[in-house]
Amino acid sequence: MVPHILSFARYLLCEVNVSDMNDLFLLNDQAVAAAVKAAVARIHGDYGAALCSIRFQVKYLNAHTGIVFLRFPKSCYKLLWSALPFITHINSRGQKIPCFLNCLHVGGTIRTCQKFLIRYNTQQLHRMLPKCKNEGEKQQIRQAILGCFIPGGNKEACEDDIECEEDEGE
Amino acid sequence: GPDPIGSSGFHRTVLKNGSPYCYMKVCLVLQDQETRLNAVELKSLIITGLKDLHGEVGAALPFDVLKFDEGSLTAVLRVCSGGLVKLWSSLTLQGYYQSQACAFRVLQVSRFNL
């Protein structure tokens, strides 16, 4: 059963890279949204700012890992995506946090981004395993890897994903 | 196909494999008709309009002022075909020159040198 979707979106899964990990806790979704809108307005002018003012949202922000989901309309996501590398800092709580955004994945639904994030985090944990200093840390990481799963399972909503992930011929 | 020539006098012919450039003949109309500009000031005005509407990317759009008649404030601009929409939309929305109202009249657009 294919759901009737009125407006397609693209979810950009980005990672906020900072030099001091503690700065991540200063971030909130309004600060990230303001930084994205400012960069789009600077790079693409009034036209870009107008595109951003409707249907752009920060859908999820994890202050521990710096992972953020940005939602753009499907019709103009490439234009808005091109402004993200020009973000040099985020203003939050009176502080100017130098950072850059790294786009890890583009998905048609939040669900596909979630699935990617779980695979990505699992890979990161696997990479951390050989670097462990003692058995206690290794056990912690093994437990974390075993605990990685997507709530609700992988089977459902496959048709939704394919419908949403189709790209317009450009 | 081309629109029939209507009462507005506007006729549009679309060629699929024209040259890589588009040429625009434009005329700048100013509130104070005595004001004069030179070609550099005209180009600077157009770049300002591109920057307002299309940001840094717009301001970097390469275009040339091929001809400029300072008396009638008429110019021939050349822009790469992909930049026509950005340039034309910027000219449309350019409303001010140094605090006086202005308007760009687009007289002719062609893929071949005017």
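Owing to the predicted nature of the structure, the values given are computational and were not obtained by experimental measurement. (Residues numbered from 1 in each chain as written. Chains lettered and ligands numbered in written order. Predicted model: local features only at pLDDT ≥ 70, side-chain atom pairs only at ≥ 80, totals over all residues. Heavy atoms only, no water.)

### Topic: the nonpolar core
Here's step 1: Membership of the largest hydrophobic core comes to 32 residues, with the highest contact counts inside it found for A:Val16, A:Val36, A:Phe56, A:Leu70, A:Phe72, A:Leu84 and A:Ile90.
Here's step 2: At the level of secondary structure, the elements contributing two or more residues to this core comprise β1 (9-18), α1 (29-53), β3 (67-73), α2 (77-81) and β5 (95-107) of chain A.
Here's step 3: Broken down by element, this core gets its largest block of residues, 10 residues, from α1(A).
Here's step 4: In contact with A:Val36, not counting residues within four places along its chain, are A:Phe56, A:Leu70, A:Phe72, A:Leu84 and A:Ile87.
Here's step 5: Of all hydrophobic cores here, the second largest spans 22 residues; its members include B:Leu37, B:Leu73, B:Ala75 and B:Leu84. (Core = buried A, V, L, I, M, F, W, Y, C linked by side-chain atoms within 4.5 Å. Buried < 20%, exposed > 50% of the residue type's maximum accessible area, 1.4 Å probe, protein only. Helix = DSSP H or I, 4+ residues; strand = E, 2+ residues; numbered from the N terminus. Contact = heavy atoms within 4.5 Å.)

### Notes on the interface of chain B and chain A
Here's step 1: Taken together, the contact between chain B and chain A spans seven residues of the former and seven residues of the latter.
Here's step 2: For the pair chain B and chain A, the summed buried area comes to about 480 Å², and 57% of that belongs to carbon and sulfur atoms.
Here's step 3: At the junction of chain B and chain A, the tally comes to zero salt bridges.
Here's step 4: In this structure, the connection of chain B to chain A is made through six residue pairs in polar contact (both at pLDDT 80 or more).
Here's step 5: Looking at side-chain class alone, the side of chain B that touches chain A contains two nonpolar, two polar and three charged residues. (Buried area = accessible area lost by both parts, 1.4 Å probe. Salt bridge = Lys/Arg side-chain N within 4 Å of Asp/Glu carboxyl O. Polar contact = N/O pair within 3.5 Å; in protein donor to acceptor, adjacent residues only side chain to side chain. Nonpolar A, V, L, I, M, F, W, Y, C, P; charged D, E, K, R; others polar.)

### What about the sheet that holds strand β4 (residues 96-97) of chain B?
All names here are of chain B.
Here's step 1: With antiparallel pairing, the five strands of this open sheet are ordered in space as β2-β3-β1-β5-β4. Only two strands of the sheet have a single neighbouring strand rather than two, namely β2 (63-69) and β4.
Here's step 2: Summarising the sheet, β2 and strand β3 (residues 74-80) pair through six bridges and their orientation is antiparallel. In the sheet register, valine 65 faces β3, and the bridge partner there is leucine 77. (Pairing = 2+ DSSP bridges.)

### Digging into the pairing of strand β1 (residues 21-30) of chain B
All names here are of chain B.
Here's step 1: By the criterion of burial, β1 is predominantly enclosed, with seven of the 10 residues buried.
Here's step 2: Alignment of β1 against β3, held across seven bridges, turns out to be antiparallel. Residue cysteine 22 lies in a different strand from β3, and its bridge partner there is valine 79.
Here's step 3: Two elements, β1 and strand β5 (residues 100-110), share eight bridges in a ladder whose sense is antiparallel.

### A short note on the packing of aromatic side chains
Here's step 1: One pass over the structure, following the stated rule, counts four aromatic pairs over all chains.
Here's step 2: Measuring from ring centre to ring centre gives 6.3 Å for A:Tyr77 and A:Trp81, while their planes differ by 20°; the resulting arrangement is stacked. Of this pair, A:Tyr77 and A:Trp81 both sit in helix α2, separated by four residues, roughly a single helical turn.
Here's step 3: With relative accessibility at 31%, the residue A:Trp81 sits in the partly exposed group.
Here's step 4: Taking the ring centre of B:Tyr21 as reference, the NZ or CZ of B:Arg78 above it sits at 4.6 Å. (Phe/Tyr/Trp six-rings, centres within 6.5 Å; stacked < 30°, edge-to-face > 60°. Lys NZ or Arg CZ within 6 Å of the ring centre and 35° of its normal.)

### A word on the environment of A:Ile97
Residues and elements named next belong to chain A.
Here's step 1: Along the chain, isoleucine 97 turns up in strand β5.
Here's step 2: Among the residues examined, isoleucine 97 registers a relative accessible area of 2% and is labelled buried.
Here's step 3: Put simply, isoleucine 97 and phenylalanine 25 are 72 residues apart on the chain and 11 Å apart in space, counted from C-alpha to C-alpha.
Here's step 4: Sequence-distant contacts of isoleucine 97, that is, excluding residues within four places in its chain, are made with Val18, Asp23, Leu26, Leu27, Thr88, His89, Ile90 and Ser92.

### Description of the pattern of salt bridges
Residue and element names in this part refer to chain B.
Here's step 1: Scanning all chains against the criterion turns up two salt bridges over all chains.
Here's step 2: Across the pair glutamate 56 and lysine 51 runs a salt bridge whose closest N-O atoms are separated by 3.7 Å.
Here's step 3: In this structure glutamate 56 comes out as partly exposed when scored by relative accessible area, which is 36%.
Here's step 4: Here lysine 51 falls in the partly exposed class, since its relative accessible area comes to 42%.
Here's step 5: A salt bridge links aspartate 64 to arginine 78, with the shortest nitrogen-to-oxygen separation between them at 2.9 Å. Placement of aspartate 64 in strand β2 and of arginine 78 in strand β3 is noted, with a sequence separation of 14 residues between them.

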